[in-house]
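Spelled out, the chains give:
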Amino acid sequence: MAHSTHAHASDLPRISLQISKYMISAEMATTHRTRAQGLMFRESLAENTGMLFVFPKSAYYGMWMKNTILPLSVAFIDEKGTIINIADMEPDSLVTHRSAGPAKYALEMSGGWFASRKISAGDLVSGLEHAPVAN
């Protein structure tokens, strides 16, 4: 029986993160290929799960939603783990959402995840020290 491999969670390594009192299980995108694919074609995200994009160096990055059918929110995070800014992204949009400062990480969660938990810029993400070096 043939089935699409796009519909469910990938085999990417996971990392446990914490923001405020919330625990997150995030898949890690650490290569150009996995960062380019991101959460494309996913049909669902489990509660408190997301994707952590690890960039090779701190810089201004942009995220867009090509081929992404779920509404997502992205937090851009600096190398110390502080959230720089959060953007809400519409499904399948080519609008680019940019970091407001040099980011080392971006964390994509279900749309509205951060706002509904009162998480905002300046909040700290713990656990990032366990993220691998990006390439």
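Our structure is the block above this text.
Criteria and thresholds
- Residues numbered from 1 in each chain as written.
- Predicted model: local features only at pLDDT ≥ 70, side-chain atom pairs only at ≥ 80, totals over all residues.
- Heavy atoms only, no water.
- Salt bridge = Lys/Arg side-chain N within 4 Å of Asp/Glu carboxyl O.
- Helix = DSSP H or I, 4+ residues; strand = E, 2+ residues; numbered from the N terminus.
- Buried < 20%, exposed > 50% of the residue type's maximum accessible area, 1.4 Å probe, protein only.
- Polar contact = N/O pair within 3.5 Å; in protein donor to acceptor, adjacent residues only side chain to side chain.
- Pairing = 2+ DSSP bridges.

Another point: the pattern of salt bridges. Applying the stated rule across the entire model yields three salt bridges. Note that Arg14 and Glu27 form a salt bridge whose closest N and O atoms lie 3.7 Å from each other. Of this pair, Arg14 sits in strand 1 (residues 14-19) while Glu27 sits in strand 2 (residues 22-29), and the two are 13 residues apart along the sequence. Taking the relative accessible area as the measure of exposure, Arg14 reaches 40% and is therefore partly exposed. Notably, a salt bridge pairs Glu47 with Arg117, separated by 2.5 Å at the nearest N-O pair. Taken together, the residues span a long stretch of sequence, with Glu47 in the loop between helix 1 (32-37) and strand 3 (49-59) and Arg117 in the loop between helix 2 (113-116) and strand 9 (125-126) at a distance of 70 residues. Judged by its relative accessible area of 58%, Glu47 falls in the exposed class. Classification of Arg117 as buried rests on a relative accessible area of 15%. One network of salt bridges, in which partners are shared, links Arg14, Glu27 and Arg42.

According to the relative accessible area criterion, Glu27 is buried, its value standing at 3%. A distance of 2.9 Å separates polar atoms of two side chains, one belonging to Glu27 and the other to Arg42.

What follows deals with the pairing of strand 2. Here strand 1 pairs with strand 2 via six bridges, running antiparallel. Following the sheet pairing, Leu17 is matched in strand 2 by Ile24. In this antiparallel pair of consecutive strands, strand 1 and strand 2, the connection spans two residues, and Ser20 shows a positive phi of 55 degrees. Taken together, the five bridges between strand 2 and strand 3 define a ladder with parallel strand orientation.

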